[in-house]
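Below, each chain spelled out in residue letters.
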Protein chains: 2
Amino acid sequence: MTDADLISMIGYVSGVMTVASFIPQALKTYATKDVSGLSFLMYSFFNLGTIGWITYGYLRASYPLMIFNSITFLFAFPVWFMIIKYHNKETPLL
Amino acid sequence: MTDADLISMIGYVSGVMTVASFIPQALKTYATKDVSGLSFLMYSFFNLGTIGWITYGYLRASYPLMIFNSITFLFAFPVWFMIIKYHNKETPLL
């Protein structure tokens, strides 16, 4: 394996980890319906940004950007939706 | 503004949104110490992936990758730390 291969590998592993990280969060939230500690603003900005990245990837014809951000969106969007559905209506949605 | 400028703008706005999204989460968690809905696995994978991206950015001499991922890490790492510190010790750390 050359240095360039190793560097690329670090990039791929990092990408898989940051994208896949949203899977345990989505599964946990789905299983527990506990959204009290989750930030609505975080998931709002994050999902809008992810839609932006998918748009950017489409306009630049970048399949990796489109694919990785679509997978992220697939797990991060339901979390946003569940925050709206299950949050305590007596506390501010932040 | 050319089409290329507009496309770049979409990329920058998306990047700022996904990176900045961790700020309200970190502030909320710091203010409330409420980590019950947060996934430890998510923040573990996410922070490891972010360290990986910083490493990749360094090895490829990419300042944007290093800068944006360092800002993300600055807010996502304290969340991981607060999950360990404040989680309910009677439930599994997932």
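Anyway, here's the lowdown on the structure attached to this text. (Residues numbered from 1 in each chain as written. Chains lettered and ligands numbered in written order. Predicted model: local features only at pLDDT ≥ 70, side-chain atom pairs only at ≥ 80, totals over all residues. Heavy atoms only, no water.)

## Let's talk about the overall build of chain A
Counted only if it meets this: Helix numbers and strand numbers start at the N terminus; a helix is a DSSP run of H or I with at least 4 residues, a strand a run of E with at least 2. Only the C-alpha atoms count toward the radius of gyration. The rule for a globule is 2.2 Å times the residue count to the power 0.38. For the exposure calls, accessible area comes from a 1.4 Å probe over protein chains only, and a residue counts as buried if that area is under 20% of its type's maximum, exposed if over 50%, partly exposed in between. In what follows, a contact means two residues having at least one pair of non-hydrogen atoms within 4.5 Å. Each accessible area value is a Shrake-Rupley result obtained with a 1.4 Å probe; residue values ignore everything except the protein chains displayed when judging cover. In this tally, Asp and Glu contribute negative charge and Lys and Arg positive charge; neither His nor the terminal groups of the chain are included. Where a charge sits is defined by one atom per residue type, namely NZ (Lys), CZ (Arg), CG (Asp) or CD (Glu).
From N to C terminus, chain A includes four helices and zero strands. The helix and strand sequence of chain A, counted from the amino end, reads α-α-α-α. The globule rule puts the C-alpha radius of gyration for 94 residues at 12 Å, and the 16 Å found for chain A is more than 25% above it. Here the C-alpha coordinates of chain A stretch approximately 55 × 30 × 20 Å along the principal axes. Counting the 94 residues in chain A, one finds 40% classified as buried. Summarising the internal contacts of chain A: among those between residues at least 6 apart in sequence, 65% fall at separations of at least 24. Counting every atom, chain A has about 5300 Å² of accessible surface; 73% of that belongs to carbon and sulfur. Across chain A, 5 positive and 4 negative side-chain charges occur, with their mean positions spaced 15 Å apart.

## Considerations on the interface of chain B and chain A
Selection rule: Buried area: the accessible area, evaluated with a 1.4 Å probe, that two parts lose upon being put together, summed over both parts. Salt bridge criterion: a side-chain nitrogen from Lys or Arg within 4 Å of a carboxyl oxygen from Asp or Glu. For this classification, Asp, Glu, Lys and Arg are treated as charged, while Ala, Val, Leu, Ile, Met, Phe, Trp, Tyr, Cys and Pro are nonpolar and the rest, including Gly, are polar.
The interface of chain B with chain A comprises 34 residues on the first partner and 34 residues on the second. Of the roughly 3000 Å² buried where chain B meets chain A, counting both sides, 71% is carbon and sulfur surface. Counting the contacts that link chain B with chain A gives zero salt bridges. Elements represented by at least two residues in the side of chain B that touches chain A include exactly helix H1 (3–20), helix H2 (22–32) and helix H3 (40–59) of chain B. Residues belonging to the side of chain B that touches chain A are distributed by class as follows: 16 nonpolar, 15 polar and three charged.

## Things to note about a nonpolar patch on the surface
Residues and elements named next belong to chain A. This is how the line gets drawn: In this scheme, patches are assembled from residues that exceed 30% relative accessible area and form no salt bridge. Like charges are connected within 9 Å, while nonpolar side chains (Val, Leu, Ile, Met, Phe, Trp, Tyr) are connected within 5 Å.
Residues Val16, Tyr63, Ile67, Phe68 and Ile71 make up a contiguous nonpolar surface patch of roughly 470 Å² in combined accessible area. Sort the elements by how many residues they give to the nonpolar patch and helix H4 (residues 63–86) lands first, with four residues. The partly exposed category is assigned to Val16, whose relative accessible area is 46%.

## A closer look at the relation of the copies chain B and chain A
Filter applied, for reference: We superpose the copies by least squares over the C-alpha atoms of residues that have a pLDDT of at least 70 in both of them.
At an RMSD of 0.0 Å, chain B and chain A line up after a rotation of 180° and a shift of 0.0 Å along the axis. Overall, the copies show the geometry of a two-fold rotation axis. Closest to the rotation axis within chain B is the C-alpha of Gly37 of chain B, separated from it by 2.5 Å. A shared interface surface links the copies, since 100% of the contact residues of chain B are contact residues in chain A too.

## Regarding helix H2 (residues 22–32) of chain A
Those residues of H2 of chain A not exposed but buried are Phe22, Pro24, Gln25, Ala26, Lys28 and Thr29 of chain A. Lining the buried residues of H2 of chain A we find helix H1 (3–20), helix H3 (40–59) and H4 of chain A together with H2 and H3 of chain B. Just beyond H2 of chain A, the residue with positive phi is Lys33 of chain A, at close to 55°.

## Here's the deal with the side chain of Asn47 of chain A
Using the following cut-off: Pairing of N or O atoms within 3.5 Å defines a polar contact, subject to two protein rules: one partner must be a possible hydrogen donor and the other a possible acceptor, and residues neighboring in sequence count only if both atoms are side-chain atoms.
Within the element layout of this structure, Asn47 of chain A appears in helix H3. At 3.2 Å, the side chain of Asn47 of chain A and the backbone oxygen of Ala76 of chain A are in polar contact.

## Some details on the packing of aromatic side chains
Basically, it comes down to this: Working definition: rings of Phe, Tyr and Trp (its six-membered ring) pair if their centres are within 6.5 Å, and the pair is stacked with planes under 30 degrees apart, edge-to-face with planes over 60 apart, and tilted otherwise. Cation placement over rings: the criterion is NZ of Lys or CZ of Arg within 6 Å of the ring centroid and within 35° of the ring normal.
Summed over the entire model, instances satisfying the criterion amount to 14 aromatic pairs over all chains. Judged by centre distance (6.4 Å) and plane angle (90°), the rings of Phe22 of chain A and Tyr43 of chain A are edge-to-face. Taken together, the positions of Phe22 of chain A in helix H2 and Tyr43 of chain A in helix H3 put the pair 21 residues apart, joining distant regions of the chain. Tyr43 of chain A matches Phe22 of chain A in its accessibility class, with the two residues each being buried. Following the ring pairs from residue to residue traces out a cluster consisting of Phe22, Tyr43 and Phe46 of chain A together with Phe22, Tyr43 and Phe46 of chain B. The cationic tip of Lys33 of chain A hangs over the ring face of Tyr30 of chain A; the distance from NZ or CZ to the ring centre is 4.0 Å.

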